[in-house]
Each structure stands twice: as structure tokens, then as C-alpha cells.
Amino acid sequence: MLRRLIMALALVPLASVSFAAEHIVKMVNQNDWGAMAFEPSFLHVEVGDTVTFEPTDYGHNAVTINYMIPRGANRYRGKINKPITMAINKSGFYGIECSPHLTMGMVMTIQAGDGDITEFEIPKTLPKQAKLRFNAIKDYAMSR
Ligand SMILES: [Cu+2]
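Here is what the cut-offs are and how they apply
Residues numbered from 1 in each chain as written. Predicted model: local features only at pLDDT ≥ 70, side-chain atom pairs only at ≥ 80, totals over all residues. Heavy atoms only, no water. Donors = N, O, S within 2.8 Å, 3.2 Å for Na, K, Ca; no water. Tetrahedral: all angles 85-135°; square planar, octahedral: opposite > 155°, others 65-115°. Buried < 20%, exposed > 50% of the residue type's maximum accessible area, 1.4 Å probe, protein only. Core = buried A, V, L, I, M, F, W, Y, C linked by side-chain atoms within 4.5 Å. Helix = DSSP H or I, 4+ residues; strand = E, 2+ residues; numbered from the N terminus. Contact = heavy atoms within 4.5 Å. Pairing = 2+ DSSP bridges. Axes fitted to C-alpha atoms, helices over the stretch in contact; angles between N-to-C directions. Phe/Tyr/Trp six-rings, centres within 6.5 Å; stacked < 30°, edge-to-face > 60°.

## Structural notes on the coordination of the copper ion
With distances of 2.0 to 2.5 Å, the protein atoms coordinating the copper ion are His60 (ND1), Cys98 (SG), His101 (ND1) and Met106 (SD). Here the copper ion binds four donor atoms, and the angle range of 91 to 132° at the metal identifies the geometry as tetrahedral. Between the donor residues of the copper ion, the gaps in sequence give the motif H-x37-C-x2-H-x4-M. Here His101 matches Met106 in class, with each residue buried.

And the structure:
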């Protein structure tokens, strides 16, 4: 009995430890999504993971679009040409923009945890190119 209890206790830490993943997103002037883009532009993570945006090309930043993130999610505003690490603390969908290139469609989507991509809402008030990119990302995510 005691031995069983000790064994059970010994297993607890292993069972409760989850390894947070660190994801990298590059900010580039051109990729398969078009001019001014995040690579990748769709990223599926788990709550507790981090996402680091790297200024691979010149003149970009990464900012949470605060009306396109889960309630209570961390908000971030990266500086131009600087990396920024975002800690993903809520499940759901996150819209991310590059501020200088939002009007050129430089946006990306993070899915945290399980979710239905059809529930990712793309506000009509966004610039046209940003809406187009978000819709293309959504189509891509649905086709996976
Ligand atoms: Cu940019």
C-alpha cells in the first residue's frame, strides 16, 4: 500500500509537467503570402507557449490587434526592427499586425489550443489588404 502511494506520488511531477514550446515567426518583405508578410502566417500553438517575432528583414514590428485576441490575452507592441516574445496565455485566435504594413496586408493568425477556425472573426473595419490576407490565412487553416 505504502509502496503504491510512493510510486503514485513519484509519477505526479512527470504527469503535470508540460513543456512549453518556443515558436519563431520571421518578419519578411516577401514570401508565398505576398509582399510584407509573417513567416509562418498561420501558427498553431498551445496555451503556455511563447512566440518570438524576429526582424529578419528591415522595417517591421509585431503587435497584437487588441480587438482580435481572446478576452484577457496578453497584449504586445513590438518596436520596429526589434524582436519581441509573446507569451500566449489564453486559448483562442490572435490577430497580429505589423503596424507600418497593416495597410499592405502584413498580418498573421495564431491559434492557441483547440478551436474552430471558422470562429475567427475578421472585422470589416480592417484595411482591405489586411482583410484579404486574413481571409487567405483562414482558408489555409481550414484546408489543413
Ligand atoms: Cu512590416
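## Focus: the nonpolar core
Counting 21 residues, the largest nonpolar core has Phe38, Phe53, Ile96 and Ile110 as the members making the most contacts within it. Elements with a minimum of two residues in this core: strand E1 (22-31), strand E2 (34-39), strand E3 (42-45), strand E4 (50-54), strand E6 (84-87), strand E7 (92-97) and strand E8 (107-112). The element that contributes the greatest number of residues to this core is E8, accounting for three residues. Those residues in contact with Ile96 that sit more than four places away from it in its chain are Phe38, Phe53, Ala62, Val63, Thr64, Ile65, Met86, Met106, Val107, Met108, Ile110 and Phe134. Grouped together as the second largest cluster of nonpolar side chains are 14 residues, Leu102, Ile117, Ile137 and Ala141 included.

## With respect to the sheet that holds E2
Taken in spatial order, the four strands line up as E2-E1-E4-E6 in an open sheet, and their pairing is mixed. Edge positions in the open sheet fall to E2 and E6, since each of these has one partner strand only. Sheet twist, expressed as the mean angle between neighbouring strand axes with direction ignored, is 20°. The pairing of E1 with E4 spans five bridges and is parallel. The partner of Lys26 across the bridge, within E4, is Glu54.

## A word on the environment of Ala20
Along the chain, Ala20 turns up in the loop between helix H1 (2-16) and E1. Its relative accessible area of 52% is what places Ala20 among the exposed residues. With 27 residues separating them along the chain, Ala20 and Val47 place their C-alpha atoms 8.2 Å apart. What Ala20 contacts, discounting residues up to four positions off in sequence, is Gly48 and Asp49.

## Quick word on the sheet that holds strand E5 (residues 63-64)
One open sheet holds the four strands; their spatial order is E3-E8-E7-E5, and the pairing between them is mixed. Only two strands of the sheet have a single neighbouring strand rather than two, namely E3 and E5. Summarising the sheet, E3 and E8 pair through four bridges and their orientation is parallel. Across the sheet, His44 pairs through a bridge with Gln111, a residue of E8. Sheet strands touched by helix H2 (residues 128-143): E3, E7 and E8. Its angle to E8, the strand with the most contacts, is close to 40°.

## Quick notes on the packing of aromatic side chains
Each aromatic ring pair is specified by the distance between its two centres and by the angle formed by the two planes. Counted by the stated rule, this structure contains five aromatic pairs. The interplanar angle of 85° and the centroid separation of 5.7 Å between the aromatic rings of Trp33 and Tyr140 together place this pair among those described as edge-to-face. Linking Trp33 in the loop between E1 and E2 with Tyr140 in helix H2, this pair joins segments that are 107 residues apart in sequence. The class for Tyr140 is partly exposed, based on a relative accessible area of 39%. Where Phe38 meets Phe53, the ring centres are 5.7 Å apart and the plane angle is 80°; that geometry is what we call edge-to-face. With Phe38 in strand E2 and Phe53 in strand E4, the pair connects residues that are 15 residues apart, well separated along the chain. Members of the aromatic cluster, joined through ring pairs, are Trp33, Phe42 and Tyr140.

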